[in-house]
Amino acid sequence: MKITIIGTGYVGLVTGACLAEMGNHVVCLDIDAAKIKILEDGGIPIHEPGLLEIVKRNRAAGRLQFTTDVIAAVNHGTLQFIGVGTPPDEDGSADLQYVVAAARNVGRHMTDYKVIVDKSTVPVGTGDRVRAAVAEELAKRGVELDFSVVSNPEFLKEGAAVEDFMRPDRIVVGADDERAILLMRSIYSPFMRNHDRLLVMDIKSAEFTKYAANAMLATRISFMNELALLAEKVGADIELVRKGIGSDPRIGTHFLYAGAGYGGSCFPKDVKALVHTARDNGVTLQVLTAVEAANDKQKHILVDKVVKRFGEDLSGRQFAIWGLAFKPNTDDMRDAPSRVVITELAKRGATIKAYDPVAMPESRRVLEGVKGVSFVDNQTQALEGSDALVIITEWKEFKSPDFDAIKTMLKQPVVIDGRNLYEPPLMRALGIEYSGIGRN
């Protein structure tokens, strides 16, 4: 199958590489020449475990190519996957200008039947806008060509995207004609050899499914974070509560970990967009409005703990920060809680020594204007001369640290843990002053 992927960001690159891995001939298009150069030079512009190896292997096999040539890319693939960004506008709505522009390019240059596949996370009704954009460009050219529009939302976890794509738990296809459905089933059949995981539905339901899934997961996170705040007040341990409720099969164990708030490219943006869509349709989503507010508050919880321990004026204080990316196994700093924590501590006069195993280059870029922030080469260097250690991201290498080094290198053995990596009784026994999220 000849496939074109429009956009070589997180969604587009993973999709293109994994489809090429199954023998398809894939061309990835991006108008960002610098990004294409990175890919042509054998690198990738994002950090995603396992992705670089797949890209290299399929480029060497001739199944995966990268280009800035729009006409060549449109002519290549019968299937045209749109995987461009949909950043939030100021009002919280998803900005669809890149999606529509991609659709228009297909309409301008197509010469035979195409299936335009929305892979980006888009609001309900985007399929209609894509269809109208393509039809309008064809009308301008005075040609009549058949085309189909499909919604095929991604359900990839950053840090495990390759595994999620290669072994999907479900593949949602929103389409209204059998020809497009058969083509989609054809390209995905190698990914579901043991069990048919393809869910076919109408386009609007497929678009809605993606937003609903992310909104549900965000709701679970904010729910547990709010319970954690209460647990601290009443003397309960949120980790024990998590195990108690997670053992109920109706609830399950996933996304029940209290922490410093969610971030990344999906949950914050998608919750905002769904709330905005509801507002446009005269509906108030009270639960999701509260989810968003609770998460904004939770991102300040570590700052509140630092202020409670050291005072509002942090001049002359230095803090070690472990973890900057919004989650482990990625370098994504979009809406990361660390950005709020570092900015707020710096506003109060503190200096910061920050470390992350992967996200240091991206962190330097997004925190460039924040005074008093320095980046170190390893977690131990961050401890030297600091008044306390603040843990924001639960990287594996932070889970079993050298506690003696923490005690001796910090000015005072204070650990403020935004991911509940350690057990309070152990920390007490080690002589470390420890504050987690919702731990007694």
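Further up the page is the structure itself.
Sequence order as written defines the numbering, with residues in each chain counted from 1. Totals for whole chains, interfaces and linings use every residue, but because this is a predicted model, local features are given only for residues with pLDDT of at least 70 and side-chain atom pairs only at 80 or more, for both listing and counting. Based on all heavy atoms of the structure, the side-chain values leave hydrogens and waters out of the count.

To continue, consider the pattern of salt bridges. Two side chains that carry opposite charge are able to pair once their charged atoms sit near each other. One speaks of a salt bridge when a side-chain nitrogen belonging to Lys or Arg is within 4 Å of a carboxyl oxygen belonging to Asp or Glu. Following the criterion strictly, the structure yields 32 salt bridges and no others. Ionic pairing is found between Lys37 and Asp41, a salt bridge with its closest N-O pair at 2.7 Å. A salt bridge links Glu232 to Lys305; its shortest N-O distance comes to 2.9 Å. A residue pair is termed long-range when its members are at least 10 positions apart, and Glu232 in helix α9 (residues 203-234) and Lys305 in helix α13 (residues 301-310) qualify at 73 residues. Counted as one network, the salt bridges with shared partners bring together Arg104, Arg108, Glu136, Glu137 and Lys140. Runs of E in the DSSP output that reach at least two residues are strands. Runs of H or I that reach at least four are helices, and both are numbered from the N terminus.

So, on to the nonpolar core. Definition used in this section: a nonpolar core is a set of buried Ala, Val, Leu, Ile, Met, Phe, Trp, Tyr and Cys residues joined via side-chain atoms within 4.5 Å. Burial classification: accessible surface area is computed with a 1.4 Å probe over protein chains only, and a residue below 20% of its type maximum counts as buried, one above 50% as exposed, and the rest as partly exposed. Among the nonpolar cores identified, the biggest contains 60 residues, and Leu345 and Tyr422 are the most heavily contacted of them. Throughout, a contact is declared for two residues whenever any of their heavy atoms are within 4.5 Å. Those residues in contact with Leu345 that lie beyond four places of it in its chain are Val303, Val306, Leu314, Phe319, Ile321, Ala350 and Ile352. One finds Ile5, Tyr10, Phe66 and Leu79 within the second-largest nonpolar core, a separate group that totals 44 residues.

Moving on to the side chain of Asn58. Here Asn58 shows up in helix α3 (residues 51-60). Judged by relative accessible area, Asn58 falls into the buried class, the value being 0%. With near-sequence residues (within four places) excluded, Asn58 lies in contact with Ala17, Ala20, Glu21, Arg63 and Leu64.

Here a pair means two rings of Phe, Tyr or Trp (six-membered ring of Trp) with centres within 6.5 Å. Their orientation is stacked below 30 degrees between planes, edge-to-face above 60, and tilted elsewhere. One pass over the full model with this rule turns up 10 aromatic pairs. For the ring pair Phe165 and Tyr188, a centre distance of 6.3 Å and an interplane angle of 40° mean the geometry is tilted. Separated by 23 residues along the polypeptide, Phe165 in helix α7 (residues 161-166) and Tyr188 in helix α8 (residues 178-188) bring together distant segments of the chain. Each member of the pair, Phe165 as well as Tyr188, is classed as buried. Look at Trp322 and Phe398: their rings are 5.1 Å apart centre to centre, the planes differ by 25°, and that puts the pair in the stacked class. Residue Trp322 is found in strand β9 (residues 318-322), and its partner Phe398 is found in the loop between β12 (388-391) and α17 (403-409); the two are separated by 76 residues along the sequence. Phe398 shares its class with Trp322; the two are buried. Through a chain of ring-to-ring contacts, three or more aromatic side chains come together here, namely Phe165, Tyr188 and Phe191. Each ring is checked for a lysine NZ or an arginine CZ that lies within 6 Å of its centre and within 35 degrees of its normal; such an atom marks a charge sitting over the ring. In this structure, Arg179 is placed above the aromatic ring of Tyr113, and the distance from its NZ or CZ to the ring centre is 3.5 Å. The ring of Phe310 carries the charged tip of Arg309 above its face, separated from the ring centre by 4.9 Å.

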